[in-house]
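As a plain string of letters, each chain reads:
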Amino acid sequence: MTKNASGSWEFSGSSNVSGDLTRVIYIANVSRDSQSNIVESGGTDDSMTKKVTVTVSGTGISDYVISTYLTNWGDKAWTQTDWSGGVGAQYWSSSTQAYTSSTMDGISTAGALKLQYTPGADTWGWSDITDFASSSQNTGAYASIVDDASDHWYLMGSATSPQRYTITNIRSTGFGSPVTSGSTGLYARASALNGHYPHLYIGGDKGVISTVSTSTFLTLKTFTPATNLSWLYAMAVNAAGTHMYAGGTGGILFSLDINTTNGGLTCTNCTLWCDTVKTPGCTPNLPTPQTFSGDVINAMYLDEANNILYLATDNTTNALMRVDVANQAALVASYAYSSSIDFTDLKYLGTNPSGYNRFIAGLDYNSAGDEFIIIDDNTLTSSFTKVAGVDFNSYGNLYVRDIAYTNNNEAFVVAVDAVAAPYIHIFTISDVSTLAAPSPTVQWYDNTTYGYSTLYYHPMDYSNKYGGIFAGWNYAGASTYRTTFIEQQTVAGVGTYAATGNLVSSSFDLGSADKDLHTLTVNQDIPSGCSITITFSAANNSSFTGATTQEFTSTSATYTTAFNADMSGQRWLKYQVDMANCNSSASTPTLYDLKLNYR
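Report on the accompanying structure. (Residues numbered from 1 in each chain as written. Predicted model: local features only at pLDDT ≥ 70, side-chain atom pairs only at ≥ 80, totals over all residues. Heavy atoms only, no water.)

Quick word on the side chain of S507
No. 1: Relative to the assigned elements, S507 resides in the loop between β44 (500-505) and β45 (508-509).
No. 2: The exposure class of S507 is buried, given its relative accessible area of 6%. (Helix = DSSP H or I, 4+ residues; strand = E, 2+ residues; numbered from the N terminus. Buried < 20%, exposed > 50% of the residue type's maximum accessible area, 1.4 Å probe, protein only.)

Shown next as structure tokens:
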């Protein structure tokens, strides 16, 4: 082999055949492993090394084979494999901070340069009603409550014993068998947790309230009022865990001090009573509370800061009441919202732009109006103001039984149609907010039928921690009752990549102007329609005045391209990467590394 006039090596000699001898010369690529050892397979190509094998063969003799390696030992490389260090100095000094400006993302993933990505907004999704985890529990479900802090969900109803489930177990393996407490009486329709002490309060038949330990799940104390009282439907406990309100049929409203040691309850707004007809000459000893609204109290909310208790009732004149509880021994009705349709549930939403309390409320079937409303307490005018509502008439004759706010400007509504199948109806309502003019709209809807369904009181509760709805529902006409769970899921929004982006490298000093630029090797990922263009600039001054440029681009995952001759003989180098997305904001090209060989 000899050098030709241009300085390149080429084969020489008059012939590769001499008599019956034949010479064959093979030049092959060489691969190296991570320790730079030459390997036959599984390594990375070394463009600076070639294996030369000469084989001489002839008649009647064994092949004579000789091999050697040729290396471009004088070559040097400028390699960029990482951009995660962020913007660096003007002059190249670090392999991770080798750029002066960038509108692309080289930080999120080390060793990868991509277009900037803007995540999409998360949304909420719900599993279909047919995907409910369910189990049959022999109890009519009248009340339930989630205790996120202890990972428990409590279900109360027609059975004499309340039931406790572990939420993480429900989510992973189903309901299984619940833990049951001692008897707290039939028809438990109201419940409340003490946020300060380990107490669960259960309102049962005849106004009886049981205090159950959330630690041992045993009944600690029982409060028994006058025997002429019926059922409790709503409870509220103050933040300190020292006082509770409980309301129910006939508008009865207890104001109760809580013994924080043994969980006992003492009525502060009761008068004592005894049945002198049945027991002549008896001593009054049974507490009888005040009454409000004159009808069933279905739900309540305690505004401690303002000493106000809000009551949702079945009373036409006092469908939503505001009660002053500053004096716990003598509660005082303030003003009310009238409605011909019963208010079945009430949840606090926050304060509106004027600072007034805002609520969402569920109503019974309304043939001429809404069954779900947003309502404000306008203290300036001492009145309630309906802000917006949703009419469910197109779905049937629906009676809303339970509502929950999911903390995502969304309400979850469970309703029952007592006239025709399907009986259970579930809604999510969007744009449920404290803004001046919300526009609540049905976002998601599903329904199902299990025989003739009955849905009482407040069997549903929402878990802020786990994002699920836990509900115990009765399905009359079926052989058993059912306990159900629906998972609320976060659905990641679809993000977008920028249409274009560029990066300008730091300036690289070759040390002198007598260097020859050989090749550029690039590793990249180019989805269909995307592009990466790398432009090198070469100059004899660091300001790159009068620079010579050359573009490199390919759709191949790896490519090597020679530099033009006019790029050599100059001391300073820099490169610019320009990317364009794939005619779609859903994908991006990716540059993994580039390597410039020079001598």
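A look at the state of the cysteines
No. 1: For the coordinates displayed, the defined rule picks out two disulfides.
No. 2: Disulfide partner of C267: C270, at an S-S distance of 1.8 Å. In this structure, the disulfide formed by C267 and C270 twists by about 80° around the S-S bond and is classed as right-handed.
No. 3: Owing to a relative accessible area of 22%, C270 belongs among the partly exposed residues under this scheme. (Disulfide = S-S within 2.5 Å.)

Side note on the pattern of salt bridges
No. 1: Scanning the model with the defined rule gives eight salt bridges in all.
No. 2: For K386, the salt bridge is made with D370, and the minimal N-O distance between the two is 2.6 Å. Here the residue K386 occupies a position in strand β36 (residues 383-390), and D370 occupies one in the loop between β34 (357-363) and β35 (372-378), the gap between them amounting to 16 residues.
No. 3: Judged by its relative accessible area of 38%, K386 falls in the partly exposed class. (Salt bridge = Lys/Arg side-chain N within 4 Å of Asp/Glu carboxyl O.)

Details of the pairing of strand β29 (residues 297-303)
No. 1: Summarising burial for β29: six of the seven residues are buried, a large majority.
No. 2: Examined bridge by bridge, β29 and strand β30 (residues 308-313) share six bridges and lie antiparallel to one another. Opposite D303, over in β30, you have I308 as the bridge partner.
No. 3: Linkage of β29 to β30, two consecutive antiparallel strands, is achieved through a turn of four residues, within which N307 is found at a positive phi near 55°. (Pairing = 2+ DSSP bridges.)

A look at the sheet that holds strand β31 (residues 320-324)
No. 1: An order of β29-β30-β31-β32 is seen for the four strands of this open sheet, with the pairing classed as antiparallel. For this open sheet the edge positions go to β29 and β32 (332-337), each flanked by a neighbour on one side alone. Taken pair by pair, the neighbouring strands of this sheet meet at an average axis angle of 25°, ignoring direction.
No. 2: Pairing of β30 with β31 involves five bridges; the strand directions are antiparallel. Within β31, the position partnered with L311 by the bridge is M321. (Axes fitted to C-alpha atoms, helices over the stretch in contact; angles between N-to-C directions.)

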